[in-house]
Amino acid sequence: MFDAKSGSGFGAKQQRVFPLVEVSVADSAERAFRAPDVTAAELPLQDTRLRPLRDLRISVTDRCNFRCVYCMPKEVFGKDYAFLPRSELLSFEEIERIARVFVGLGVEKIRLTGGEPLLRKDLEYLVERLATLQTPRGGDVDLTLTTNGSLLSRKAQSLRDAGLKRISVSLDSIDETVFQRMNGVGFPAALVLEGIDAARQVGFVPVKVNMVVKRGVNDAQILPMARHFRGTGVEVRFIEFMDVGTSNGWNMESVVPSSEVVRSIDAVFPLVPTGREKPSDTSVRFRYADGQGKIGVISSVSQPFCGDCTRMRLSADGRLFTCLFAAHGLDIRTPMRTGDSDDALRRLVANLWMRRTDRYSELRSEHSAAHNHPKVEMSFIGG
Ligand code: SAM
Ligand code: SF4
Ligand code: SF4
């Protein structure tokens, strides 16, 4: 039943580096045997730690035009790197079908990601389809997208017209030297800032900016970033550098704990904690005491939030990951392409979620010390 294939290793030609075990579910009889009766199950579905399935992150491509040092370092993701061939990518129709199944199972929030999602041709078409999804109670699905912003000034209007309302843009520094070094391809911060302005002008609310903080690389940019976006309505979220994947050379010394980020901003612009808006939110928020807006911190390393993690991830080639740090993906593309019904897909997803035990961040120190824990790359399943 379980078909283990390791995708790791470096040959003469660069291979994909995510050491993944693909879990095959081609055997319908066995799947049916293991599957719960979803129609009778109370929604939302809960995993073994009683966490509901509420969020789906969809990676629409494994490709990116950046080579961020903490995500796709160019030494690993070089020009011979073997990205997924087109035939392996889920089509928009397939993504929409899977998204519908998830929404039917209680998912209320969908985030499009990658790789760089705006590299996927005609992404607006997918946005248009997903924007119309309704929850079983008749509410709108909260659809959002995370982008590196490089193509945003060109695409903001068409994405907005397609029905996208919220957007997150990654920007690690407003200093050109620091940013261009960090993105690995010398892409100007000024153009990302133009994208952020375009997003605001066409009416995205909110526009959030994600900054991954890496000690000794861009930690001196915490305050300039806070200062730049204060009073603009844009919320900066400072993210702890995480040990996702196996190629970003992560170590604990490179992590700037969120407490340090908050202290350094608070010393200049006093902050008032406002906590998490929803228990499943990744970011803890603070407002400027003088009313000039908000910031958020995402403390996946120093203060793990696995206990409230309601997220499933779908890779661009149709594998489902129940944790950002998973080594295993469950193939949903094969059953879909070989004729499984929506009901069968529902059972497949429900079964996966109900068996979920993941809490990698809470166990991080054990994993790092005891095993060289294999993990999927972040660029493969998105943030
Ligand atoms: N390319 C898009 C972008 O950069 O926004 C979407 C995909 S990217 C993988 C999603 C988010 O993950 C980005 O905000 C990025 O900064 C974050 N990220 C990537 N690697 C990370 C790491 N090692 N630690 C923390 N965040 C990371
Ligand atoms: Fe690309 Fe986003 Fe990863 Fe940077 S963080 S390399 S922009 S996928
Ligand atoms: Fe969720 Fe896994 Fe991150 Fe914990 S480590 S918050 S289970 S994705």
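Engineer: So what about the overall build of the protein? Which residues, and what values?
Structural biologist: Broken down by element type, the protein carries 12 helices and 13 strands. In the protein, buried positions account for 55% of the 383 residues. Within the protein, counting contacts between residues at least 6 apart in sequence, those at least 24 apart form 72% of the total. Total accessible area computed for the protein in this model is approximately 16,200 Å², and 51% of it derives from carbon and sulfur atoms.

Engineer: Tell me about the pattern of salt bridges, residues and numbers included.
Structural biologist: Counted according to the given criterion, the structure contains 20 salt bridges. For the salt bridge of Arg-215 with Glu-260, the shortest nitrogen-to-oxygen distance reads 2.9 Å. Residue Arg-215 is located in the loop between strand S6 (207-213) and helix H7 (222-229), and its partner Glu-260 is located in helix H8 (residues 258-266); the two are separated by 45 residues in the primary sequence. One salt bridge in this structure joins Arg-230 and Asp-290, with 2.8 Å as the shortest N-O distance. Residue Arg-230 is found in the loop between H7 and strand S7 (235-240), and its partner Asp-290 is found in the loop between strand S9 (284-288) and strand S10 (294-298); the two are separated by 60 residues along the sequence.

Engineer: So what about the site of ligand 3? Which residues, and what values?
Structural biologist: All residues adjacent to ligand 3 are Phe-305, Cys-306, Cys-309, Arg-311, Arg-313, Cys-323, Leu-324, Phe-325, Arg-356, Asp-358, Tyr-360 and Ser-361. When its residues are assigned to classes, the shell around ligand 3 shows seven nonpolar, one polar and four charged.

Engineer: Before we move on, can you summarise the site of ligand 1 with the specific residues and values?
Structural biologist: What surrounds ligand 1 is a group of 20 residues, the closest being Tyr-70, Gly-115, Ser-170, Met-242 and Met-378. Between ligand 1 and Thr-147 there is a distance of 3.2 Å, counted from an oxygen atom to a backbone nitrogen or oxygen. For the shell around ligand 1, the secondary-structure elements that each account for two or more residues are strand S4 (142-147), S6 and S7. For the shell around ligand 1, a count of residues per class yields eight nonpolar, 10 polar and two charged.

Engineer: Report on the environment of Asn-183, specifying residues and quantitative values.
Structural biologist: Here Asn-183 lies in helix H5 (residues 176-183). As a C-alpha pair, Asn-183 and Leu-171 span 12 residues in sequence and 9.2 Å in three-dimensional space. Looking at Asn-183, its side chain comes within polar contact range of the main-chain oxygen of Phe-187, at 2.9 Å.

Engineer: Would you mind going over the nonpolar core in detail, with residue names and values included?
Structural biologist: If you look at the biggest cluster of nonpolar residues, it comprises 111 residues, and the most contacted ones within it are Ile-58, Ile-110, Leu-171, Ile-196, Phe-238 and Ile-265. Tallying contributions element by element places helix H2 (residues 92-104) first for this core, with seven residues. If near-sequence neighbours (up to four positions away) are discounted, Ile-58 is found in contact with Ile-95, Ala-99, Ile-110, Arg-111, Leu-112, Thr-113, Leu-130 and Leu-314.

Engineer: Give me the lowdown on the side chain of Arg-333, citing residues and values where you can.
Structural biologist: By the secondary structure assignment, Arg-333 is in helix H9 (residues 333-337). Although buried, Arg-333 forms no salt bridge, and the nearest oppositely charged side chain, Glu-88, lies 4.2 Å from it. Setting aside chain neighbours within four positions, we find Arg-333 in contact with Glu-88, Leu-90, Asp-317 and Gly-318.

Engineer: Give me the environment of Gln-221: which residues, what numbers.
Structural biologist: Structurally, the position occupied by Gln-221 is in the loop between S6 and H7. With 46 residues separating them in the primary sequence, Gln-221 and Asp-175 have C-alpha atoms 7.6 Å apart. Among the polar contacts listed, one links the side chain of Gln-221 to the backbone nitrogen of Asp-175, at a separation of 3.3 Å.

Engineer: Explain H2 to me, using residue names and the numbers behind them.
Structural biologist: Taking 1.5 Å as the rise per residue, H2 with 13 residues should run 18 Å; its terminal C-alpha atoms sit 18 Å apart, in good agreement. Looking at H2, one finds that the buried residues are Phe-92, Glu-94, Ile-95, Glu-96, Ile-98, Ala-99, Val-101, Phe-102 and Val-103.

Engineer: Any details on the packing of H2 against helix H3 (residues 123-131)? Residues and values, ideally.
Structural biologist: Here H2 crosses H3 at 25°, and the two axes come no closer than 10 Å. With respect to their mutual orientation, H2 and H3 come out roughly parallel. The two elements H2 and H3 cross, and the hand of that crossing is right-handed. For the pair formed by H2 and H3, the contact residues are Phe-92, Glu-93, Ile-95, Glu-96 and Ala-99 on the first element and Leu-123, Tyr-125, Leu-126, Arg-129 and Leu-130 on the second. Of the residues in the contact of H2 with H3, the class split is seven nonpolar, no polar and three charged.

Quick notes on the rules
- Residues numbered from 1 in each chain as written.
- Chains lettered and ligands numbered in written order.
- Predicted model: local features only at pLDDT ≥ 70, side-chain atom pairs only at ≥ 80, totals over all residues.
- Heavy atoms only, no water.
- Helix = DSSP H or I, 4+ residues; strand = E, 2+ residues; numbered from the N terminus.
- Buried < 20%, exposed > 50% of the residue type's maximum accessible area, 1.4 Å probe, protein only.
- Contact = heavy atoms within 4.5 Å.
- Areas by Shrake-Rupley, 256 points an atom, 1.4 Å probe, with all protein chains shown as cover.
- Salt bridge = Lys/Arg side-chain N within 4 Å of Asp/Glu carboxyl O.
- Near = heavy atom within 4 Å.
- Nonpolar A, V, L, I, M, F, W, Y, C, P; charged D, E, K, R; others polar.
- Polar contact = N/O pair within 3.5 Å; in protein donor to acceptor, adjacent residues only side chain to side chain.
- Core = buried A, V, L, I, M, F, W, Y, C linked by side-chain atoms within 4.5 Å.
- Lys, Arg positive; Asp, Glu negative; His and termini not counted.
- Expected span 1.5 Å × (residues − 1).
- Axes fitted to C-alpha atoms, helices over the stretch in contact; angles between N-to-C directions.
- Parallel < 35°, antiparallel > 145°, perpendicular 65-115°, else oblique.
- Left-handed = near helix turned anticlockwise from the far one by under 90°.

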